[in-house]
Each structure stands twice: as C-alpha cells, then as structure tokens.
Amino acid sequence: MAQGQVQQFASAPQAVSSRFRSPDETLAKMNNIMYDRRVVRGNTHASLVQTQPDAAEVRKQREAQRRRLLRANQPKKRASTPEPVAGRKHMDIQTDSYLEELTERTVEFEAETQTDFLLDRPPSPLFMPAKIGVDVDTQIEEGELFDFDVECEPILEVLVGKTLEQSMMEVLEEEELESLRRHQEDFEQRRNAELLEVQRMEAAEKRRADETERRLMQQAAQKQLDLMVMRKVVSKSVASAHLSSVMDQTLAHLFDAGIFADSVQLACDNKFMPDMLLKAIQVEVEQAAEDRNVFDDILQNTISSRLSAHEARLTTERERLAAIDSAEREARNEKEEERQARERLAEQIKLEQDALVEWEQYVPPPPPKVPEQHIKEIDAEGKAVYGEGLLATIPAEKLEELKEMLAQVQTANEARAPAEGEEELPPEQLVCGKVAPLPEGEEGMVLESFHVGTAADRIVEEPEVPAGEEGAATQAEEAVEA
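Parameters and conventions
Residues numbered from 1 in each chain as written. Predicted model: local features only at pLDDT ≥ 70, side-chain atom pairs only at ≥ 80, totals over all residues. Heavy atoms only, no water. Helix = DSSP H or I, 4+ residues; strand = E, 2+ residues; numbered from the N terminus. Buried < 20%, exposed > 50% of the residue type's maximum accessible area, 1.4 Å probe, protein only. Contact = heavy atoms within 4.5 Å. Areas by Shrake-Rupley, 256 points an atom, 1.4 Å probe, with all protein chains shown as cover. Pairing = 2+ DSSP bridges. Lys, Arg positive; Asp, Glu negative; His and termini not counted. Salt bridge = Lys/Arg side-chain N within 4 Å of Asp/Glu carboxyl O. Patch = residues over 30% accessible without salt bridge, like charges linked within 9 Å, V, L, I, M, F, W, Y side chains within 5 Å. Core = buried A, V, L, I, M, F, W, Y, C linked by side-chain atoms within 4.5 Å. pLDDT = per-residue confidence, 0-100.

Engineer: Hey, could you run me through the overall build of the protein in this one?
Structural biologist: Counting secondary structure elements, the protein contains six helices and five strands. Counting from the amino terminus, the protein carries its helices and strands in the arrangement α-α-α-α-β-β-β-α-β-β-α. Looking at the 482 residues of the protein, the share that counts as buried comes to 7%. For the protein, the proportion of contacts with a sequence separation of at least 24, taken over those separated by at least 6, is 53%. Summed over its atoms, the accessible surface of the protein is roughly 45000 Å², and 56% of this surface lies on carbon and sulfur atoms.

What follows is the structure, encoded as structure tokens:
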C-alpha cells in the first residue's frame with residue numbers, strides 16, 4: 001500500500017458468529033464417524049436413490065437467482081430533480097445527518113518507517129506458566145445459570161419490533177418516493193403547458209410587432225411619396241409662373257432697347273419733332289407766357305388792394321368760428337369715440353363667445369381616405385389590371401417591383417396554413433394600390449403606389465356625405481374661422 005493512502009472498506013462492518021470451539025469438542029467430532037459427511041445416515045437395508053433434478057426447473061431456479069442478484073445489486077432509482085426555471089440554477093447540498101467538510105483537495109500526509117536489519121529466528125516456545133495455588137471445584141445445578149426461554153424473549157421482542165419498524169419505515173419511504181414522483185410528473189406537465197402557452201403568446205406578440213412595424217414602414221413610404229408628389233407639383237407651378245414673367249420682362253427690355261423700333265417713327269422722333277415742330281411750339285409758348293405774366297400782374301395789383309381789407313375781417317371771423325367748431329367737434333368726437341369703443345368691445349365679446357360656443361360644439365369631419373384598388377395581374381402590354389377588368393399604366397421604374405410583389409403574394413397564398421392551435425386559415429394576401437388619372441391632355445389611369453395587404457386592410461371608397469350634413473359642417477368651419 002502506498003504511503004499516505006487511507007484504507008477504505010467496500011462494505012459496512014457487520015458482526016460475525018463466534019467460531020471458537022473447545023479442543024475437546026473438535027477432537028471428538030473428528031474421531032466420531034457420525035459427524036463425517038461421507039457417511040450415509042438412515043436405514044442401510046434400503047438403497048439410496050438420488051433423483052435427477054429437472055433441467056427446466058434448474059434453469060428457472062438459476063434465472064430467478066440471477067434476477068434476485070440483479071435486483072440486489074441494482075441501486076435504487078430516486079426521482080430526479082426537475083429542471084430549474086429560467087433565471088435560476090440548482091446547487092448541491094448535503095442532506096445527511098452528520099455533515100462532512102468538503103474540500104477541493106484530499107488531505108494527504110506522508111509517513112516513513114524503517115525496520116532493523118535482523119535475521120529470521122525460530123519461533124518462540126509456548127510459554128507455560130508454572131502451576132500455583134489450589135484447585136477448587138464448584139457444583140452448578142441445572143437451571144441455575146441460564147434459562148433460554150426467559151432470556152430470549154426480550155431479545156426476540158426487540159428483533160421483531162425493530163424488523164417491523166424498519167419494514168414500516170421502508171414502506172413509508174416507498175410511498176413518499178411514489179408521491180414525490182407523482183408530484184414531479186404533475187409539476188412537469190403543468191410547466192410544459194405553461195411553456196407552450198408562453199411560446200404561443202410570444203409568437204403572437206412577435207407577429208403583432210412585425211405587423212405594426214410593417215404598417216409604420218408603409219405609412220412612412222406613403223408619406224414620403226405624397227411629399228415628393230407635392231414637391232413636384234409646387235416646383236412645376238413655380239417654374240411655370242417664373243417662365244411666364246420672364247417672357248414678358250424680356251420682351252419689355254427688348255422693346256425699350258429699340259430692337260423692335262419703326263424707321264418712320266424713329267425718323268419722326270429724331271428729326272421732325274426736335275427741329276421743326278418743337279421750335280415753333282416753343283416760340284408760341286414763350287409769347288403766351290409773357291402775355292399771361294403781364295395780365296396776371298395787372299389783376300394781382302387790382303384784386304390785392306380790394307381783398308386785403310376783406311381778408312382781414314374774414315380772418316377774424318374765421319378764427320372765432322373755428323375756435324367754436326373745434327371745441328364742439330372735439331366734444332362730439334370724444335363722445336362718438338367712447339360710444340364706438342363700447343359698441344366694438346360688446347360686439348367683440350359677443351363674437352368671441354359665439355365663436356367659442358360654435359368651436360366647442362363643432363366636430364371636424366375625418367380627412368377623406370383615398371380608396372385603394374385590388375391589383376390582380378399585369379397584362380401583356382405591361383398594364384395593371386384592377387377592379388372589373390380596368391387597366392392602369394405602370395411607371396417603368398415600378399414595373400419589376402410590382403411583378404415581384406405579385407409573385408410573392410401568389411406564393412404566400414399557396415403556402416398558407418393554419419397556425420398552431422388554430423383551425424382557420426390566415427387571411428388571403430392582396431396587392432392594394434392607389435390609382436389616379438393621367439395629367440391633362442392624356443386619357444387613362446396611372447398606378448401611383450401599391451403594397452401588400454389583406455381585404456380588411458384595403459381602404460375602400462367612403463360613402464358621400466348628405467347635403468344637409470355637409471352644409472352644417474361648412475357653417476361650423478366658417479364660424480370657427482371667424
């Protein structure tokens with residue numbers, strides 16, 4: 001055995017029966033022929049018939065013995081611990097009555113020994129001490145030392161009681177193990193059912209999240225497309241207005257620059273008008289001006305002398321009347337301004353109250369939704385077929401995308417199957433698109449946008465609002481704007 005290695009037993013220690021026999025008893029059995037197993041006991045006149053055992057019976061006995069040995073050697077199966085739930089883990093602990101300290105490394109130690117170099121010697125003779133003292137005899141009668149029935153009764157009671165108690169504990173332990181096994185099976189069934197329900201709910205939530213994301217992406221793409229179309233329309237209108245004004249301005253500049261001048265008009269303006277007509281007119285105008293100046297001087301001197309006195313009297317009277325009118329006008333203006341201010345304030349308060357009441361009572365109508373058409377296929381001419389055989393022109397940059405989308409929808413409809421735990425098929429997918437008329441001067445329809453959806457997702461044309469309700473809504477909008 002290696003140094004430092006601890007001796008271990010394969011089985012637990014147990015008590016063995018005493019094999020001590022007195023030398024006299026052993027010697028008597030050896031010399032007595034009745035204890036020899038080779039001697040047949042019984043009547044020597046009858047022949048000893050040894051029966052041959054049946055082969056089938058021997059095989060059965062051996063098979064039964066083999067099964068007993070297998071059951072005895074087979075360890076008892078204990079109910080396994082269920083798997084931990086998500087976020088937890090199992091940990092090994094000691095459940096014995098006496099705990100033992102566990103270490104990662106076994107305690108080791110070294111010990112050395114050295115025997116002296118001695119030669120073998122003969123065995124020592126048996127020591128026989130010398131007899132000393134006096135022999136004394138004691139007579140023991142029957143029944144004085146040991147009564148088997150009386151002495152064995154408590155021992156048998158203890159053995160039987162312990163055996164019954166141990167068997168009862170084993171039965172209870174088996175019942176407890178069976179109860180634990182049933183409880184574990186029930187727990188595993190309920191946990192598996194809960195896991196299936198959680199997986200189903202997670203799948204449903206994932207489908208809803210994917211559908212929400214797809215709807216948001218479609219709405220963002222549609223919004224971007226509408227914004228692009230609006231920008232194109234605004235750009236076109238701005239360009240048209242700018243070009244029309246540029247043309248007028250260009251023609252005006254060219255006309256001012258003399259590009260479109262007439263030769264007759266140019267000769268008249270440059271030669272006839274300055275040289276002849278303008279000089280004669282200038283002489284006549286200067287003579288008339290001198291005459292008017294002389295006449296104006298005469299009249300001015302005559303009238304000024306008469307009007308000077310009258311003007312003085314009129315000035316005094318005007319100043320007096322102006323002062324009176326100014327005072328009255330200021331008083332009337334102040335009263336009129338106060339009255340108008342009160343009326344304007346009352347009217348403004350009344351209008352604001354009416355507008356507030358109308359605004360609180362008005363419910364704006366929802367914005368109209370553009371109806372969508374079911375795009376069925378693409379004909380040989382490269383046009384989209386929708387509705388009851390109607391055709392719509394497809395832009396060249398969207399033709400391949402529409403073909404791929406129609407192929408994907410057809411493949412998905414052919415491969416659709418009911419979801420796990422459901423009997424109904426999922427709704428059939430459709431290609432929905434918005435159709436608009438071509439620009440002025442062209443006949444037909446054009447496919448503006450399209451997407452994948454179902455019959456429930458497609459936007460249908462809303463019914464027309466009755467004239468009475470439309471008029472009431474218009475009046476409410478006008479009241480809110482006022």
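Engineer: Even after reading the chapter, I still don't get the pairing of strand β3 (residues 390-393), so can you show me in this structure?
Structural biologist: A regular strand places its side chains on the two faces of the sheet in alternate fashion. Two elements, strand β2 (residues 383-386) and β3, share four bridges in a ladder whose sense is antiparallel. In the sheet register, K383 faces β3, and the bridge partner there is T393. The turn joining β2 and β3, which pair antiparallel and follow one another in sequence, is formed by three residues; a positive phi near 60° is taken by G387.

Engineer: Got a minute to help me understand the side chain of R191 in this structure?
Structural biologist: Mapped onto the elements of the fold, R191 is located in helix α3 (residues 148-257). There is no salt bridge for the buried R191, and the closest opposite charge comes from E188, which lies 5.3 Å off by N-O distance. Excluding residues that lie within four positions of it along the chain, R191 makes contacts with E83 and P84.

Engineer: Looking at this structure, how should I read the pattern of salt bridges?
Structural biologist: Oppositely charged side chains may form a pair once their charged atoms are brought near each other. Taken as a whole and assessed by the stated rule, the structure comprises 17 salt bridges. The residue R215 makes a salt bridge to E211 at a minimum N-O spacing of 3.0 Å. Of this pair, R215 and E211 both sit in helix α3, four residues apart, which is roughly one turn of that helix. The salt bridge partner of E328 is R332, with a shortest N-O separation of 3.7 Å. Here R332 and E328 lie together in helix α4 (residues 263-361), a separation of four residues that amounts to about one turn. Within this structure, E178, R181, R182 and E185 form a network of salt bridges that share partners.

Engineer: Help me understand a nonpolar patch on the surface, please; the structure alone is not making it clear to me.
Structural biologist: Together, I140, L145, F146 and F148 make up a nonpolar patch on the protein surface, roughly 480 Å² of accessible area in all. Its location among the elements puts L145 in the loop between α2 (55-73) and α3.

Engineer: Would you mind showing me how to read the nonpolar core here?
Structural biologist: As a rule of thumb, nonpolar side chains are buried together in soluble globular proteins. One finds I375, A384, L402, V431, L447 and F450 to be the most contacted residues of the largest nonpolar core, which totals 13 residues. Within the residue set of this core, elements represented by two or more residues are β2, α5 (399-414), β4 (429-437) and β5 (445-454). With four residues, the top contributor of residues to this core is α5. Other than its neighbours up to four places away in sequence, I375 contacts A384, V385, Y386, L402, L406, V431, C432, G433 and L447.

Engineer: Just to check I follow, could you spell out the confidence of the model for the protein for this structure?
Structural biologist: Detailed reading of the predicted model is not advised wherever pLDDT is low. In this model, the protein carries an average pLDDT of 78, and 77% of its residues clear a pLDDT of 70 or more. The secondary-structure element of the protein with the lowest mean pLDDT is helix α6 (residues 467-481), recorded at 46, while α3 shows the highest, at 90. Note that residues 1-7 has pLDDT below 50 and, in this model, four contacts with residues that lie over four places away or in other chains. Predicted confidence is poor over residues 463-473, with pLDDT under 50, and the contacts of this stretch with residues over four places away or in other chains come to two contacts.

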